[in-house]
Amino acid sequence: MSPSPEDKPDSAQASKQRAARAALGFLHDGMILGVGTGSTVNALIELLATEGWAARLRGAVSSSDASTARLRAIGVPVLDLNEVTDLALYIDGADEATRARMLIKGGGAALTREKIVAAVAARFVCIVDHTKLVDTLGHFPLPVEVIPMARSYVARQLTQLGGQPRWRADVTTDNGNAILDVHGLSIGDPIAMEASINQITGVVTVGLFAARPADLLLVGRTGGVERI
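In this text the structure is predicted, and so the values were computed from the model without any measurement.

(A) View of the layout of surface pockets. Empty space within the largest pocket amounts to approximately 240 Å³. What lines the largest pocket is Val61, Ser62, Asp65, Thr68, Arg72, Val78, Leu79, Asp80, Leu81, Arg113, Ile116 and Val117. Counting residues per element, the ones that place at least two in the lining of the largest pocket are strand S2 (59-62), helix H3 (65-73) and helix H4 (111-120). The computed volume of the second largest pocket comes to approximately 190 Å³. Taken together, 19 residues make up the lining of the second largest pocket; nearest its centre are Thr37, Gly38, Ser39, Ala94 and Asp95.

Laid out in structure tokens, this is it:
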């Protein structure tokens, strides 16, 4: 999907800020917040500090070591998900999103923990700038987290599915695993593709968020924020 005419190419960062600010409207005092990973989430964490929410939250559950460090730096207690029985809200970004609120995530290599926190949360709000909204997923290479010893085997299986997997050789996930980025896919049925890739032995998880999509997509644009 092409950006709207009012969405100028240089407005992506400002659009991220708008989407992040819109997400603040879903917070309430004393809550435990699920926090994702990435540049738009970093904008959210900065707003938690500047808008006074860091002191008003009971704590947060984080999807990555990087977000954990940022949250602790602004004074938000970070809790182990195993200690949390109810998580009302998870806020995260995406590398691609459709109007059906299905996503590709994992550009920051945190896809497994992101998917776990999203599964636990009662509501998943995804914040993106307008450049991330697409008609069909797959232009952004699809990340797959794999057990290191299975990397070559999984790559061969992904090739059989029509993709071109490339090892992100300079990256090890927070879980100690490898990332394969699958190029050349046009994902017409994200739910089926998610299930198929997750069934490959050695795959930890795939960065398709389709079986559990976002509940709400906040798309930052030059003129404001679109809710989907």
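Structure's up, so let's keep going.
(B) View of the environment of Asn42. For Asn42, the location among the structural elements is in helix H2 (residues 39-50). Placed 170 residues apart in sequence, Asn42 and Arg212 show a C-alpha to C-alpha distance of 23 Å. There is a polar contact of 3.1 Å between the side chain of Asn42 and the side chain of Arg70.

Each value, and the rule that gives it
Residues numbered from 1 in each chain as written. Predicted model: local features only at pLDDT ≥ 70, side-chain atom pairs only at ≥ 80, totals over all residues. Heavy atoms only, no water. 1 Å grid on protein atoms, 1.4 Å probe; cavity = no way out; pocket = protein on both sides within 12 Å on 5 of 7 lines; lining within 4 Å. Points joined across faces, edges and corners; volume = space filled by probe spheres on them. Helix = DSSP H or I, 4+ residues; strand = E, 2+ residues; numbered from the N terminus. Polar contact = N/O pair within 3.5 Å; in protein donor to acceptor, adjacent residues only side chain to side chain.

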